[in-house]
Amino acid sequence: MSLAPEDVNLQKIWRYYDRGESRIGYRYILGGTKHFGYYEPGQTRWAFAAAMRQMEDRLGRELGLGAGARVLDAGCGVGNVARAMAVRHGLDVTGVDILDFNIAEAARRSGKARLSGRTHFRVGDYHHLPFPDDSFDGLYTMETFVHSADPKAALAEFGRVLKPGGKLVMFEYSRTPDDQVSAEANAAMQRVCDEAAMPAWLMLYHGVLDEMLGDAGFTNRQSVDITANMMPMASAFYLIGKFPFWVGRVTGLEYKVVNAMSARMMFRYKEAWRYGIHTAVNTG
Ligand SMILES: C[S@@+](CC[C@H](N)C(=O)[O-])C[C@H]1O[C@@H](n2cnc3c(N)ncnc32)[C@H](O)[C@@H]1O
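Residues numbered from 1 in each chain as written. Predicted model: local features only at pLDDT ≥ 70, side-chain atom pairs only at ≥ 80, totals over all residues. Heavy atoms only, no water.

- You'll find the chain entered in an unreviewed UniProt entry as Methyltransferase type 11 domain-containing protein, with Catenulispora yoronensis given as the organism.

### A short note on empty space enclosed by the protein
- Tallied over the entire structure, the rule returns three cavities of 30 Å³ or more.
- When its volume is computed, the largest cavity comes out at roughly 360 Å³.
- Every residue lining the largest cavity is counted, 29 residues in all, and those nearest its centre are Gly75, Cys76, Gly77, Asp97 and Thr144.
- Mapped by element, the contributors of at least two residues to the lining of the largest cavity are α1 (5-18), α4 (80-89) and β2 (92-97).
- If you tally residues by element for the lining of the largest cavity, the top one is α1, at four residues.
- Split by residue class, the lining of the largest cavity holds eleven nonpolar, 13 polar and five charged.
- Among the elements that take part in the lining of the second largest cavity, helix α7 (residues 183-195) stands out by supplying four residues, more than any other. (1 Å grid on protein atoms, 1.4 Å probe; cavity = no way out; pocket = protein on both sides within 12 Å on 5 of 7 lines; lining within 4 Å. Points joined across faces, edges and corners; volume = space filled by probe spheres on them. Helix = DSSP H or I, 4+ residues; strand = E, 2+ residues; numbered from the N terminus. Nonpolar A, V, L, I, M, F, W, Y, C, P; charged D, E, K, R; others polar.)

### What to know about the UniProt feature "domain: Methyltransferase type" (unreviewed entry) in the chain
- Under the present numbering, the feature "domain: Methyltransferase type" (unreviewed entry) in UniProt falls on residues 72-170.
- Across residues 72-170, helical content stands at 34% and strand content at 30%; the span's end C-alpha atoms are separated by 12 Å. (UniProt positions renumbered as here; feature names shortened; annotations may be inferred.)

### Describing the nonpolar core
- In this structure, Phe36, Met55, Leu59, Tyr140, Trp201, Trp273 and Tyr275 are the most contacted members of the largest nonpolar core, which totals 67 residues.
- Contacts of tryptophan 273, omitting those with residues within four sequence positions, involve Tyr173, Ser174, Arg175, Thr176, Trp201, His206, Thr227, Met230, Met231 and Met266.
- In this structure, Ala74, Leu129, Phe136 and Phe145 belong to the second largest nonpolar core, which totals 23 residues. (Core = buried A, V, L, I, M, F, W, Y, C linked by side-chain atoms within 4.5 Å. Buried < 20%, exposed > 50% of the residue type's maximum accessible area, 1.4 Å probe, protein only. Contact = heavy atoms within 4.5 Å.)

### So, the side chain of arginine 58
- Along the chain, arginine 58 turns up in helix α3 (residues 48-63).
- Note on arginine 58: relative accessible area 16%, which makes it buried.
- Discounting chain neighbours no more than four positions away, the residues touching arginine 58 are Tyr38, Phe171, Val224, Ile226 and Ile277.

### Thoughts on the site of the ligand
- Lining the immediate surroundings of the ligand are 21 residues, of which Lys34, Gly75, Asp97, Asp125 and Thr144 lie closest.
- Between asparagine 102 and the ligand, the recorded distance is 3.0 Å, taken from a side-chain N or O atom to an oxygen atom.
- Starting from 600 Å² of accessible surface for the ligand in isolation, the protein chains cover 98%.
- Spatially, the ligand is embedded in the largest cavity. (Near = heavy atom within 4 Å. Polar contact = N/O pair within 3.5 Å; in protein donor to acceptor, adjacent residues only side chain to side chain. Areas by Shrake-Rupley, 256 points an atom, 1.4 Å probe, with all protein chains shown as cover. Sits in = over half its atoms within 2 Å of the grid points.)

### Notes on a nonpolar patch on the surface
- Where nonpolar side chains cluster on the molecular surface, the patch consists of Ile29, Trp46, Leu239 and Ile240 and spans about 360 Å² of accessible area.
- Secondary-structure assignment places tryptophan 46 in the loop between α2 (20-30) and α3. (Patch = residues over 30% accessible without salt bridge, like charges linked within 9 Å, V, L, I, M, F, W, Y side chains within 5 Å. Salt bridge = Lys/Arg side-chain N within 4 Å of Asp/Glu carboxyl O.)

### Regarding helix α9 (residues 208-215)
- Residues of α9 that are buried: Leu209, Asp210, Met212 and Leu213. When α9 is viewed along its axis, its buried side chains cluster within an angular range of 160 degrees and face the same direction. Counted as exposed and oriented over 90 degrees from the buried face of α9: Glu211 and Asp215.
- Those residues of α9 that are buried are in contact with α6 (151-161), β5 (162-175), β6 (218-225) and β7 (273-282).
- One or two steps after α9, the chain reaches glycine 217, where phi turns positive at roughly 95 degrees. (Arc of directions from axis to C-beta.)

### Focus on the sheet that holds strand β3 (residues 119-123)
- Spatial ordering of the open sheet is given by β3-β2-β1-β4-β5-β7-β6, a layout of seven strands whose pairing is mixed. In this open sheet, the two edge strands, each paired with only one partner strand, are β3 and β6. Across the sheet, the mean angle separating the axes of adjacent strands is 15 degrees when strand polarity is ignored.
- Pairing of strand β1 (residues 70-74) with strand β4 (residues 136-142), which is carried by four bridges, proceeds in the parallel orientation. Bridge pairing in β4 places aspartate 73 opposite tyrosine 140.
- Against the sheet, α6 contacts β1, β4, β5, β6 and β7, and its axis sits at roughly 150 degrees relative to β5. (Pairing = 2+ DSSP bridges. Axes fitted to C-alpha atoms, helices over the stretch in contact; angles between N-to-C directions.)

### Topic: the packing of α7 against helix α12 (residues 258-268)
- Orientation of α7 relative to α12, taken along the N-to-C sense of each, is 150 degrees, at an axis distance of 10 Å. Of the possible angle classes, the one that applies to α7 and α12 is roughly antiparallel. Crossing geometry of α7 relative to α12 is assigned as left-handed. Across the interface between the two elements, Ala188, Arg191, Val192 and Glu195 of α7 pack against Val258, Met261, Ser262 and Met265 of α12.
- Across the contact of α7 with α12, the residue classes tally to five nonpolar, one polar and two charged. (Parallel < 35°, antiparallel > 145°, perpendicular 65-115°, else oblique. Left-handed = near helix turned anticlockwise from the far one by under 90°.)

If you want it as structure tokens, here you go:
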């Protein structure tokens, strides 16, 4: 039996996050969180924890919802962002992730933090959300939409589960048009997206997500480019990735150091992408 393209993609995502390099890297460098930090001017690039909390607080402010509002975290990882939204912004957060080991860890961490009443987790694919229509006051994605096999279908789902007037906030990457960057930069983008299972990033050229949001019926759309605010962390990862990437190259085991390769390529070819905050309101 042959698999549908979206199932092949889910398998690739699984392999990418299940690999030793991903598990060890995210756990020991970022405490399990898997998003970039937001740096204020002059802040050292090595202040990972502070910068990640600043990024999460920016998310909380962009959502702008009152205490107790019901929010969906699509692609929640181990739930660190969901807990930040619950503790620091008073939200009632449900997280979905396709990886069962992430959801198990998210529930464990929330139990330990006595946050099981305000954070809820379940395995799910954001292209087919396991919730009724009009379930949430807000929905956010934090660095997951690049993995989508079908961005339009995912946005339709986001609109379905959001209440009319519900707030959507997406912290996501976009791509510079191919003809504005070098062949090397395009080849690097292609390689990073192939090996880290990020098909949507290849098609989400600057502005495309906002057009898609409009087509999906979202209004009050706004985008802010915050690449400069996350670049210090990208530059730190570039340095951290140097040795493992070199070892991978000389041993012929490059395929085992995808994160190191991505860190090197993303920073070297930083003209090929941007990082933005996209906000919109569901029309219902
Ligand atoms: C870079 S991590 C970000 C995790 C979390 N948002 C954070 O900031 O720590 C991307 C996450 O999206 C999840 N993901 C990818 N595709 C998904 C899908 N179709 N449905 C649900 N989760 C998905 C992955 O399993 C992974 O945990």
